[in-house]
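Overview (structure and organization)
Each chain, letter by letter, is given below.
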Amino acid sequence: MKLLREFKVNFLNFVNQENAKLTLLLNLIEPRCGGVLIVGKKGTGKSTLIKAFTEIVKDVGIPIYELPMNATEEAVLGGIDIENTIKYGKRVFQKGFLSKVNGGFLIIEDINLFPLDILSVVFETQARGVNIIEREGFKLSEPSNFQILATMNPEEAEFSSHFLDRFGLCVFMDEKIDKEKKKEIIKLHCFGGEENSIDELIGKIKFWREISKKVYVPDDVKEFIAEVVLNEAVSGHRADIYLYYASKAFAAYKGETIVTEEHVKVVAPFVLNHRRRFIEPPSEEQEHSHESSNTNSDENKEKKEQKTSPIKNEDFENAKSQEIPSSEKEEIFPVGEPFKVKRLILRKDRLIRTVTGRRTKTKAKGRGGRYIRSLIQKRQEIAIDATIRASAPFQRLRGMKDSLIILDEDLRYKEKERKMSHTVIFVVDGSGSMGAQQRMTVAKGAILSLLMDCYQKRDKVSMIGFRKDKAEVVLPPTSSTELAIKKLKEIPTGGKTPLAAGLMEAYKLVKNLHFKHPEMRFLILLLTDGKVNVSLTGKPLFEEIQSICFMLRDMPATDFIVIDTEKKNSFIKMDLAFKIAEWLNARYFLIDEIKSDTLAQIVSFYKK
């Protein structure tokens, strides 16, 4: 046990995980590779590898710091050094992590467990390259160019795809190790093994860093890089840029000064692992229709393009005449398979509330909540740290001896933030068109998935169904997920589409609830294909829908999401729900797009 505690694994002793070691070295050779995210389950050696790499970085003479989980915004950005400010009678600045790490690496262990506001500050500063500090009457900016080395276990928590894309490289630590490797690890830890000297590796790294400055990328290889990224249907340009620099670094690692396509192929998986879009292979029917469509004449292709193009405003009334008559027969469809939904990020407002929940951040009353910053405006709690910082420069002038002299103008107050719940109102299209191709089954599966998300976020839920010639509140606002699921199973399908009635019922419900609970926030989730064919007032259909949408949009503290249930691979598509989303100023999703492509799913994909 004594040997086990004393022995420290260095980078060369680390067994297996060659890909992870390579990505770290590539970033050390060429910092513009964009950092590394190491993904793996517990026990795969993520932290051990990072610690071993830290020793190498220090020996090369590059700054490297680890960001602790409980770091405050002031510790990250920097702030007033209270002790020296009092001592010298003037403001003395204390550097934060982002200033100290300039030109080096910032380690973030378990990055998916970090507070999002701290990660936002880190990534924003990294993108800007400058650390801007504004504290207690002074503003300071310092260069802050660094790369992030992060680890995460995808089983512990999700990680935003927005942050995920900021990493240049991503590598998955394989937990499957063969018998011989396991014996080597046991021998290494229990008996010490032969501790390889890293001096030779340090010399190689310095040589690779020098040669990387001379590496040349031919034009045909640049085109190949762009082609590789395009073939993977990757959004944005970060993948192209990071693949370019990773290829240069790998060429230097191989001791070569000209990048080849082989170099690109080796590092491409590290750049694209976390960026790929996973497109399901087409079914046999789709493949057959695609083959038959290739045999059509040019004239038939033009007709098809005209019919499948998104419908315009002036064509809305014509869409009614094209609509297939809705079935009057009632049918209750089963609930489809649930899935993990995307994280729904809603806007913050400036109201101060006494609330609880897990969905959206809001300013908090009372003593609950997270202290985020100090204010001069009076609040319930005094911010002692900010008050001391504000008074510190004047202590010598005030004749301080044994204790601080604090005046009223020094007082600063805490602004606090906490998460709140919403009242989520599902407005569900139960018309006959939803029964076609089992769309209602898929829609119910999506609603069930969203209900589970609401339960986790401690939201109240309500349900409005519209069909035939009316709309009704199927489920008044409740916190009971069991009751909501029961009502969901009972929703029938059949008849016409009175969308205006459904939206008007939602308007009345929000208005009544807001009058009783002014602090409440609402989220209206509209699931429909938008193929309305019943008027509420006798006005033209879409003129009526538009006016109700504008009324809803003006409601306070209300957000909207439109989920389009129309099949987009059909011969004729209307895209009517998209126009309704525009009128509501709502976020718009196709029903398949609300599924969350978590990093855990990506990991499982690559293990197949």
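Up top is the structure.
Summarised in this report is the structure supplied together with it.

1. Focus: the overall build of the protein chain
Along its length, the protein chain carries 23 helices and 19 strands. In the protein chain, buried positions account for 47% of the 608 residues. Long-range contacts, defined here as pairs at least 24 residues apart, represent 78% of the contacts in the protein chain between residues at least 6 apart.

2. Examining helix H12 (residues 238-253)
Helix length check: H12 (16 residues) gives 22 Å between terminal C-alpha atoms against 22 Å at 1.5 Å per residue, within 8%. Within the sequence span of H12, burial applies to Ala-239, Tyr-242, Leu-243, Tyr-245, Ala-246, Ser-247, Lys-248, Ala-249, Phe-250, Ala-251 and Ala-252. In the core, the buried residues of H12 are packed alongside helix H2 (18-29), strand S9 (169-172), helix H10 (199-212), helix H11 (219-231) and helix H13 (261-272). Within two residues after H12, Gly-255 carries a phi angle of roughly 80°, on the positive side.

3. Focus on the packing of aromatic side chains
Scanning the model with the defined rule gives 8 aromatic pairs in all. Between Phe-578 and Tyr-588, the aromatic rings sit 5.1 Å apart at their centres with planes inclined by 85°, giving edge-to-face as the arrangement. Of the two residues, Phe-578 is situated in helix H22 (residues 576-584) and Tyr-588 in strand S19 (residues 587-590); the sequence distance between them amounts to 10 residues. Between Lys-100 and the ring centre of Phe-97, over which it is positioned, the NZ or CZ distance is 5.8 Å. The positively charged end of Lys-414 is found above the aromatic ring belonging to Tyr-371, 5.2 Å away from the centroid.

4. Quick look at the packing of helix H20 (residues 499-516) against helix H21 (residues 541-553)
It is the contact of H20 with H21, at a shortest axis distance of 10 Å, that shows an interaxial angle of 15°. When the axes of H20 and H21 are compared, the pair comes out roughly parallel. For the element pair H20 and H21, the recorded crossing hand is left-handed. The segment H20 lies against H21, with Leu-499, Ala-500, Leu-503, Met-504, Ala-506 and Tyr-507 engaging Glu-544, Ile-545, Ile-548, Cys-549, Met-551 and Leu-552.

5. Topic: a negative patch on the surface
Residues Asp-220, Glu-223, Glu-227 and Glu-261 make up a contiguous surface patch of negative charge. If you tally residues by element for the negative patch, the top one is H11, at 3 residues. Assessed through its relative accessible area of 34%, Glu-261 is described here as partly exposed.

6. Looking at the environment of Ala-20
Positionally, Ala-20 belongs in helix H2. Spatially, the C-alpha atom of Ala-20 lies 9.7 Å from that of Asp-174, the residues being 154 residues apart in sequence. Discounting chain neighbours no more than four positions away, the residues touching Ala-20 are Leu-49, Val-171 and Met-173.

7. So, the sheet that holds strand S12 (residues 370-375)
Overall, mixed pairing links the 4 strands, which are arranged S10-S11-S13-S12 in an open sheet. Single-partner strands in this sheet number two, and they are strand S10 (352-353) and S12. Where S12 lies against strand S13 (residues 413-420), 5 bridges are found, and the strand directions are antiparallel. Opposite Ser-374, over in S13, you have Lys-414 as the bridge partner.

8. Some details on unusual backbone geometry
Positioned with a positive phi, Lys-468 is a non-glycine residue whose angle comes to about 55°. Examined against the element boundaries, Lys-468 turns out to sit in the loop between strand S15 (460-467) and strand S16 (470-478). Phi angles above zero are rare outside glycine, and Ala-557 is one such case at about 55°. Structurally, Ala-557 is set in the loop between H21 and strand S18 (558-564). Its relative accessible area of 14% is what places Ala-557 among the buried residues.

What counts, and at which threshold
- Residues numbered from 1 in each chain as written.
- Predicted model: local features only at pLDDT ≥ 70, side-chain atom pairs only at ≥ 80, totals over all residues.
- Heavy atoms only, no water.
- Helix = DSSP H or I, 4+ residues; strand = E, 2+ residues; numbered from the N terminus.
- Buried < 20%, exposed > 50% of the residue type's maximum accessible area, 1.4 Å probe, protein only.
- Contact = heavy atoms within 4.5 Å.
- Expected span 1.5 Å × (residues − 1).
- Phe/Tyr/Trp six-rings, centres within 6.5 Å; stacked < 30°, edge-to-face > 60°.
- Lys NZ or Arg CZ within 6 Å of the ring centre and 35° of its normal.
- Axes fitted to C-alpha atoms, helices over the stretch in contact; angles between N-to-C directions.
- Parallel < 35°, antiparallel > 145°, perpendicular 65-115°, else oblique.
- Left-handed = near helix turned anticlockwise from the far one by under 90°.
- Patch = residues over 30% accessible without salt bridge, like charges linked within 9 Å, V, L, I, M, F, W, Y side chains within 5 Å.
- Areas by Shrake-Rupley, 256 points an atom, 1.4 Å probe, with all protein chains shown as cover.
- Salt bridge = Lys/Arg side-chain N within 4 Å of Asp/Glu carboxyl O.
- Lys, Arg positive; Asp, Glu negative; His and termini not counted.
- Charge placed at Lys NZ, Arg CZ, Asp CG, Glu CD.
- Pairing = 2+ DSSP bridges.

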